[in-house]
Structure formats: C-alpha cells, structure tokens
Amino acid sequence: MRRALDFARQTEIFRRFQAANPAPAGELEHADAFTLLVAVVLSAQATDAGVNKATRGLFARAATPAAMVALGEERLVEAIRTIGLFRQKARNVIALSQILIERYAGTVPDSRAALQALPGVGRKTANVVLNIAFGHPAQAVDTHVFRVANRTGIAPGRDVLAVERALEDNLPVQFQRHAHHWLILHGRYICTARQPRCGSCPISDICLFEEKTP
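Residues numbered from 1 in each chain as written. Predicted model: local features only at pLDDT ≥ 70, side-chain atom pairs only at ≥ 80, totals over all residues. Heavy atoms only, no water.

Enquirer: Before we move on, could you go through the overall build of the protein and cite the residues and values that matter?
Expert: Tallying secondary structure elements over the protein gives 12 helices and zero strands in all. In terms of C-alpha radius of gyration, the protein reaches 18 Å, essentially the compact-globule figure of 17 Å for 214 residues. When the backbone C-alpha atoms are referred to their principal axes, the protein occupies close to 55 × 30 × 30 Å. When burial is assessed residue by residue, the protein has 49% of its 214 residues classed as buried. For the protein, the proportion of contacts with a sequence separation of at least 24, taken over those separated by at least 6, is 60%. (Helix = DSSP H or I, 4+ residues; strand = E, 2+ residues; numbered from the N terminus. Rg over C-alpha atoms; globule rule 2.2 N^0.38 Å. Buried < 20%, exposed > 50% of the residue type's maximum accessible area, 1.4 Å probe, protein only. Contact = heavy atoms within 4.5 Å.)

Below, the structure is given as structure tokens:
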C-alpha cells in the first residue's frame with residue numbers, strides 16, 4: 001500500500017482544489033433530501049448522466065415519499081427502465097419511501113444509522129446524503145475517491161472504510177465539507193483509471209504516483 005503524504009502536502013493539495021473550485025457540487029440533479037436520496041440509490045452501477053435523464057421525468061411526477069408510494073412499483077419501473085438493476089432499485093425506492101412516511105413523517109433523517117437502515121442505502125449513499133443535503137463533513141468513498149486517495153497518497157487505505165477514516169482523521173477541518181467532491185471530480189476528469197491526465201493535473205508535483213503520463 002502506498003505511503004501517506006505528510007500533513008503539509010495534504011493541506012496544499014486541498015488548498016489547490018479549493019482555489020480552483022471553491023464550492024464543488026454533486027452532479028446528480030435533485031431538489032431536496034428526498035430526491036437526492038432517491039437519485040443516489042438509483043445511481044449504483046449507473047452514470048450520473050443516465051440517472052439524471054431518468055429522474056427528470058420521475059421527479060416531475062413523484063418528488064415526495066407519499067407521491068412515490070402512490071406512483072407504485074410498476075410505474076416506477078417504467079420511469080427508470082433505462083437504469084441498470086431497475087427492478088430491484090424500484091422495489092427499494094418504494095420500500096424506503098414507505099418507511100420514511102411511517103417512521104419519519106415523510107422526512108429524510110440526518111443520521112447515518114437511520115439512513116443505512118433504509119432499503120438500498122449503504123454507507124456511501126448515507127454519506128452522500130449527509131454531506132450534500134445536511135452539510136455534514138461525511139466522506140463518501142466511491143471508486144474515484146478510492147483510486148485518487150490511494151494513487152496520490154492523500155489517504156491510502158486497503159478498503160473504502162479505511163480511506164474514509166483516513167480522510168476524516170487527517171484532513172484539516174476547513175476542507176472536510178467538500179473533500180469527497182474534489183476527489184470525485186479529480187478522479188472523474190483528471191486522475192482517470194486507465195490514462196490519468198498527469199500533464200493537466202494541478203497536484204502532479206505533490207502526488208506520489210510514479211507512472212505519471214505526459
């Protein structure tokens with residue numbers, strides 16, 4: 001496993017990310033905590049662009065837990081058929097919507113444990129909702145974050161939980177709120193899996209990746 005950068009270099013990396021993009025945002029379209037939760041559940045093994053294309057029509061018809069339950073599983077399946085695993089996802093969205101009505105008066109709880117108890121919601125999904133909808137400095141570690149954190153030495157870890165903990169434990173407080181957004185965007189557009197764009201990378205002089213590309 002790659003060694004970790006020291007505190008000063010970690011700080012400099014996120015200072016540069018912040019300077020380039022002071023307020024990064026997630027790319028899933030949503031209006032509130034509920035539509036964000038649904039969008040993130042639907043995004044598993046799917047692209048944000050594909051999810052956004054499906055949810056534009058869906059949220060025009062059902063943007064609350066009650067409206068989603070009223071829509072029903074079969075009509076939800078038709079609305080999200082272009083997304084992978086659409087039947088299981090539809091089942092989960094209807095079930096979590098029913099639970100939100102019964103246990104939380106139709107609101108999305110701002111608790112990781114409560115969110116993870118919902119059908120189709122894992123730790124990463126819960127952290128996305130906590131971060132974006134509620135402003136908590138939760139670190140959602142997806143494949144991009146995991147790759148960038150390990151490749152660069154920002155927060156190396158053997159699994160996603162180890163990377164999440166390393167980010168939470170080591171990064172300066174002022175960068176915690178947006179850290180996973182910066183890492184996702186960096187991994188999606190610069191530090192890509194097969195052919196990283198090291199020549200365009202704002203942190204290439206600090207990054208520990210040895211096989212740098214032009």
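So, next bit.
Enquirer: Could you give me a rundown of the packing of helix 9 (residues 143–152) against helix 10 (residues 160–170), with the residues and numbers involved?
Expert: In helix packing, the relevant descriptors are the interaxial angle and the interaxial distance, both defined with respect to the helix axes. Remark: helix 9 packs on helix 10, axes separated minimally by 10 Å, with the N-to-C direction vectors making an angle of 65 degrees. In terms of orientation, helix 9 lies roughly perpendicular with respect to helix 10. Remark: the crossing between helix 9 and helix 10 carries left-handed chirality. Residues Val145, Phe146, Ala149 and Asn150 of helix 9 lie in contact with helix 10, whose contacting residues are Val160, Val163 and Leu167. A class-by-class count of the residues in the contact of helix 9 with helix 10 yields six nonpolar, one polar and no charged. (Axes fitted to C-alpha atoms, helices over the stretch in contact; angles between N-to-C directions. Parallel < 35°, antiparallel > 145°, perpendicular 65-115°, else oblique. Left-handed = near helix turned anticlockwise from the far one by under 90°. Nonpolar A, V, L, I, M, F, W, Y, C, P; charged D, E, K, R; others polar.)

Enquirer: Lay out the side chain of Gln10 in plain terms, naming residues and giving numbers.
Expert: Mapped onto the elements, Gln10 comes out in helix 1 (residues 7–20). Beyond its immediate stretch of four places on either side in the chain, Gln10 contacts Leu5, Gly153, Ile154 and Asn170.

Enquirer: Would you mind going over the packing of aromatic side chains in detail, with residue names and values included?
Expert: For the coordinates displayed, the defined rule picks out four aromatic pairs. With a centroid separation of 6.2 Å and 55 degrees between ring planes, the pair formed by Phe14 and Trp182 is classed as tilted. With Phe14 in helix 1 and Trp182 in helix 12 (residues 179–189), this pair connects stretches of sequence that are 168 residues apart. Neither Phe14 nor Trp182 differs from the other in exposure class; each is buried. Residue placement shows Arg151 over the ring face of Phe209; its charged tip is 4.8 Å from the ring centre. (Phe/Tyr/Trp six-rings, centres within 6.5 Å; stacked < 30°, edge-to-face > 60°. Lys NZ or Arg CZ within 6 Å of the ring centre and 35° of its normal.)

Enquirer: Report on the nonpolar core, specifying residues and quantitative values.
Expert: By size, the foremost hydrophobic cluster in this structure holds 38 residues, and its most contacted members are Leu37, Met68 and Leu76. Contributions of two or more residues to this core are made by helix 2 (33–42), helix 3 (48–61), helix 4 (65–71), helix 5 (73–79), helix 6 (86–104) and helix 8 (123–134). Residue contributions to this core peak at nine residues, all from helix 2. If we skip the residues at most four places from it in the chain, Leu37 touches Leu96, Leu100, Val108, Leu118, Val121, Thr125 and Val129. The next biggest cluster of nonpolar side chains, apart from the first, holds 25 residues, and it includes Phe14, Leu167, Ile184 and Cys201. (Core = buried A, V, L, I, M, F, W, Y, C linked by side-chain atoms within 4.5 Å.)

Enquirer: Summarise helix 12; cite the residues concerned and give the values.
Expert: For helix 12, a buried count of nine out of 11 residues is recorded, marking the element as mostly surrounded by other parts of the structure. Taken as a whole, helix 12 has its buried residues at Ala179, His180, His181, Trp182, Leu183, Ile184, Leu185, His186 and Gly187. Residues of helix 12 that are buried make contact with helix 1, helix 8, helix 9, helix 10 and helix 11 (173–176).

Enquirer: Go over the pattern of salt bridges with me, naming the residues and quoting the values.
Expert: If you walk through the whole model with that rule in mind, you get 12 salt bridges. Asp48 is paired through a salt bridge with Arg188; the nearest N and O atoms lie 3.4 Å apart. Pair noted here: Asp48 is in helix 3 and Arg188 is in helix 12, with a separation of 140 residues, a long-range link. Residue classification places Arg188 among the partly exposed residues on the basis of a relative accessible area of 24%. Salt bridges linked by common partners bring Glu12, Arg15, Arg16 and Asp205 together as one network. (Salt bridge = Lys/Arg side-chain N within 4 Å of Asp/Glu carboxyl O.)

As far as function goes, none of this settles anything; it's purely spatial.
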